[in-house]
Amino acid sequence: MSVTLLVIQGPYVGRQIQVNVGQVFRVGRTDRSEEAFPNDTYLSGTHLEVGCDEQGCWIRDLGSSNGTFVNGTKIEQVAVQHGDQIAAGETVFLVQPVGQEQVTVAPVPEAAPIEAVPLPSVERTARMYAPGFEPRPHEQPAPLTDERKRALHILTHHGAPLFAMIDAAREGVAAGLFQASRLRYQQVFEGPAADRSTTHFPVLVELGQPSASGVGTDTQTFLETLLRSGWGKSWGIFCTSQSTFEDLIGHFRSFPLMRIRFYDPLVLRALLPTCEPEELRAIFGPVASYVVESERPDMMLAFSPGADRLITAQVSLAEPAVLVQAQAHAG
């Protein structure tokens, strides 16, 4: 079995690695790897290994700092098949049969700062992107579905102070979410930290108690925009806390997992159930709960720390505010 690993997200969109039967390649940031991606600063020097034999192909993590994920699950070694997605650092690979020319997954463009930026010309776009990877034309935001309306209802009636951690590098965030917002928000990385993380733009937004008088209008507008345009697209996560905005900024700036995009719902969903109790205490700190989109459009997940394990609540969006199941994950 031979495969092609096609880069569909990250600094090297469109690059391909062909792995034939009997071949093994190391992938990483430095020339110690046969396939080097030096502009992905979140890769380890030698991050992962990919190989194929007569039985199939496999991926093995080489003790990387930020881990290797296959279809959202952190792995040590696992067999891969056509259609699987491998995430390492900022780079996402799609496993394809050798010779396949077209994919349906659109690439994520390079990160833009929070301020609005002008769109590149058609000519420049043609030079920047390989055939089949041109940015999609701007689309009008879809109306709120019934599930998103119920998600909005839950978020605006939970009663606890609410915050959002938004990935401002996601396509559409800068253009639609922060413009004209009167809510308090701040980029988590600033100064030297921002210099070391130029492609990461996590932004903390203070939403307050959405149902309280005086803050509901701005928060309602922000949440409607976020749910309409970004729900299901990994734009960010929510959290509840009784701590101040400054305390939460301090917590997240010292957060050991910020470098692996824990504010991506896909990463957080995969990560939290694998953590030991002491790791959960470090991740939660002053945070009472994390609330994220599920892989299912009719479900919302809420994570909170128990006495010695993670508590996961599955909230159905098929009916208003229905708690489907709460699970305790042993550390």
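See the structure above.
An account of the accompanying structure is given in this report. All figures in this text were calculated on a predicted structure; none of them were measured in a lab.

Here's the deal with the environment of A270
Part 1: Note that A270 resides in helix α7 (residues 265-271).
Part 2: According to the relative accessible area criterion, A270 is buried, its value standing at 18%.
Part 3: On a C-alpha basis, the gap between A270 and K74 in space is 6.8 Å, while along the polypeptide they are 196 residues apart.
Part 4: Excluding its chain neighbours within four sequence positions, the residues that come into contact with A270 are F69, G72 and T73.

Notes on the side chain of E49
Part 1: Counting through the fold element by element, E49 comes out in strand β5 (residues 48-52).
Part 2: By relative accessible area, E49 is classed as buried at 13%.
Part 3: Among the polar contacts listed, one links the side chain of E49 to the side chain of R60, at a separation of 2.7 Å.
Part 4: Beyond its immediate stretch of four places on either side in the chain, E49 contacts V24, F25, R26, W58, I59, R60 and L62.

Quick look at the pairing of strand β12 (residues 162-167)
Part 1: Summarising burial for β12: six of the six residues are buried, a large majority.
Part 2: In β12, alternate side chains face the same way, and those of L162, A164 and I166 on one face and F163, M165 and D167 on the other are all buried.
Part 3: Both β12 and strand β14 (residues 202-208) contribute to a ladder of six bridges, which runs antiparallel. Within β14, the position partnered with D167 by the bridge is P202.
Part 4: Where β12 lies against strand β15 (residues 236-240), five bridges are found, and the strand directions are antiparallel. Its bridge partner being in β15, M165 is matched across the sheet by I237.

Considerations on the sheet that holds strand β11 (residues 91-97)
Pairing between sheet strands relies on hydrogen bonds along the backbone, with the strands arranged either parallel or antiparallel.
Part 1: Overall, antiparallel pairing links the six strands, which are arranged β2-β1-β11-β10-β7-β8 in an open sheet. A single partner strand is all that each edge strand has here, and the edge strands are β2 (16-19) and β8 (73-75). Along the sheet, successive strands turn relative to each other by an average axial angle of 30 degrees, direction set aside.
Part 2: Strand direction decides the pairing type here: strand β1 (residues 3-9) and β2, joined by four bridges, are antiparallel. Among the inter-strand pairings, V3 is bridged to a residue of β2, identified as V19.

Observations concerning the pairing of strand β3 (residues 24-28)
Part 1: Of the strand pairs in this sheet, β3 and β5 are connected by four bridges, and their pairing is antiparallel. What sits directly across from V27, in β5, is L48.
Part 2: Taken together, the two bridges between β3 and strand β4 (residues 35-36) define a ladder with parallel strand orientation. When the sheet's bridge partners are listed, V27 is paired in β4 with E35.

Conventions used here
Residues numbered from 1 in each chain as written. Predicted model: local features only at pLDDT ≥ 70, side-chain atom pairs only at ≥ 80, totals over all residues. Heavy atoms only, no water. Helix = DSSP H or I, 4+ residues; strand = E, 2+ residues; numbered from the N terminus. Buried < 20%, exposed > 50% of the residue type's maximum accessible area, 1.4 Å probe, protein only. Contact = heavy atoms within 4.5 Å. Polar contact = N/O pair within 3.5 Å; in protein donor to acceptor, adjacent residues only side chain to side chain. Pairing = 2+ DSSP bridges. Axes fitted to C-alpha atoms, helices over the stretch in contact; angles between N-to-C directions.

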